[in-house]
Number of protein chains: 2
Amino acid sequence: MNCCEKNIDTEQLARFAKAMGHPTRIEILCYLASLDSCFFGDIHNELPIAKATVSQHLKELKDAGLIQGEIETPKVRYCINKENWEKAQQYFNGFFETKKEKVGCCAS
Amino acid sequence: MNCCEKNIDTEQLARFAKAMGHPTRIEILCYLASLDSCFFGDIHNELPIAKATVSQHLKELKDAGLIQGEIETPKVRYCINKENWEKAQQYFNGFFETKKEKVGCCAS
DNA sequence: ATTATTGTTCGTAGTTTTGCGAACAACAAA
DNA sequence: TTTGTTGTTCGCAAAACTACGAACAATAAT
């Protein structure tokens, strides 16, 4: 079973989706996407959760490739990973377009 | 912190993403998107996992609103939930477009 | 040296997810 | 009534996720 018979890596798409599968991580991504970059503390300030938890969410987003971080002692600067962001965009785009122009379903 | 200052429901987007956050569920969605509808058995046949597991994945996709199912005794017909599919498409689209036209990041 | 700042990592607790076989429910057929 | 077919639900086990405070690491300032 090959996903959509398109150039979409099923595993990779699922990995992106999984990383996005938590409201806090969506918030973080939205925030980062609205900026060019910012520090950990800025992100933490936007959220009502412990810094350890923020750090963990950032790690997952980084592991999924959606963001990147670099040390600017003593702070850490985070930003969207542009390359993978666009890849994810293409994947999701292609994925949903599969159904374009199709009609009927069961029920209404 | 309002996601992207757009008409995107953060919770809903995360819910969609979470449902898509598993390779098997991506496969199922792709399969359903390539058809108008099909039966549980057809989906099960495409996958190397136990029917109980398939049923569970289908339940999650249904709970997330991405698919729907109806009984056609003794079978169950599944299909994409078109309305929510398009909603999800719009959400993901809007989400990723946030970063459009932006440049610099930290690191490369 | 001591203190302060910034984040990460560790250890823990509770919840959720994933996957399976077995049991079950609903119905049709023999 | 018994047997088959089709899927769902139950109960279980292992793994992963979520969140937190505390401890820690790296560096700068006093």
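A quick note: this is a predicted structure, and the numbers were derived from the prediction, not measured.

## Thoughts on helix α4 (residues 51-63) of chain A
Residue and element names in this part refer to chain A. An ideal rise of 1.5 Å per residue puts 18 Å on 13 residues; α4 measures up with 18 Å between its terminal C-alpha atoms. All of the buried residues along α4 are Val-54, His-57, Leu-58 and Leu-61. With its buried residues spanning 100° around the axis, α4 presents them on a single face. Facing away from the buried side of α4 by more than 90 degrees, the exposed set consists of Ala-52, Gln-56 and Asp-63. Residues of α4 that are buried make contact with α1 (10-19), α2 (23-34), α3 (40-46), β2 (67-72) and β3 (75-80). Immediately downstream of α4, the backbone of Gly-65 shows phi near 90°, a positive value.

## A closer look at the protein's contact with DNA strand C
The environment of DNA strand C is made up of 21 residues, and the closest members are Ser55(A), Tyr78(A), Lys18(B), Thr53(B) and His57(B). The sugar-phosphate share of atoms of DNA strand C within 4 Å of the protein amounts to 68%. Within the backbone of Phe40(A), a nitrogen or oxygen atom sits 3.5 Å from a phosphate oxygen of DNA strand C. In this structure, a phosphate oxygen belonging to DNA strand C sits 2.9 Å away from a side-chain N or O atom of Arg25(B). Elements represented by at least two residues in the surface near DNA strand C include exactly α3, α4 and β3 of chain A together with α4 (51-63) of chain B. Here the surface near DNA strand C gets 5 residues from one element, more than from any other, and that element is α4(B). Residue composition of the surface near DNA strand C, grouped by class: 9 nonpolar, 7 polar and 5 charged.

## Re the protein's contact with DNA strand D
Every one of the 21 residues lining DNA strand D counts as a neighbour, but Lys18(A), Thr53(A), His57(A), Ser55(B) and Tyr78(B) are closest to it. Considering the 4 Å shell around the protein, atoms of DNA strand D inside it are sugar or phosphate in 71% of instances. Here a phosphate oxygen of DNA strand D sits 3.0 Å away from a polar atom, N or O, in the main chain of Gly41(B). Contacts to DNA strand D include Ser55(B), whose side-chain N or O atom sits 2.7 Å from a phosphate oxygen. Within the residue set of the surface near DNA strand D, elements represented by two or more residues are α4 of chain A together with α3 (40-46), α4 and β3 (75-80) of chain B. Sort the elements by how many residues they give to the surface near DNA strand D and α4(A) lands first, with 5 residues.

## Examining the sheet that holds β3(A)
Residues and elements named next belong to chain A. Spatially, 3 strands are ordered β1-β3-β2 in an open sheet, and the strand pairing comes out antiparallel. With partners counted over all chains shown, the strands left at the sheet margins are β1 (38-39) and β2, one partner each. Inspection of the sheet shows β1 paired to β3 by 2 bridges, in the antiparallel sense. Across the sheet, the residue bridging to Cys-38 is Tyr-78, located in β3. Strand contacts of α2: β1, β2 and β3, with the helix running at about 90° to β3, the strand carrying the most contacts.

Rules used in this analysis
- Residues numbered from 1 in each chain as written.
- Chains lettered and ligands numbered in written order.
- Predicted model: local features only at pLDDT ≥ 70, side-chain atom pairs only at ≥ 80, totals over all residues.
- Heavy atoms only, no water.
- Helix = DSSP H or I, 4+ residues; strand = E, 2+ residues; numbered from the N terminus.
- Expected span 1.5 Å × (residues − 1).
- Buried < 20%, exposed > 50% of the residue type's maximum accessible area, 1.4 Å probe, protein only.
- Arc of directions from axis to C-beta.
- Contact = heavy atoms within 4.5 Å.
- Near = heavy atom within 4 Å.
- Polar contact = N/O pair within 3.5 Å; in protein donor to acceptor, adjacent residues only side chain to side chain.
- Nonpolar A, V, L, I, M, F, W, Y, C, P; charged D, E, K, R; others polar.
- Pairing = 2+ DSSP bridges.
- Axes fitted to C-alpha atoms, helices over the stretch in contact; angles between N-to-C directions.

Functional significance is not addressed by these values, which are geometric in nature.
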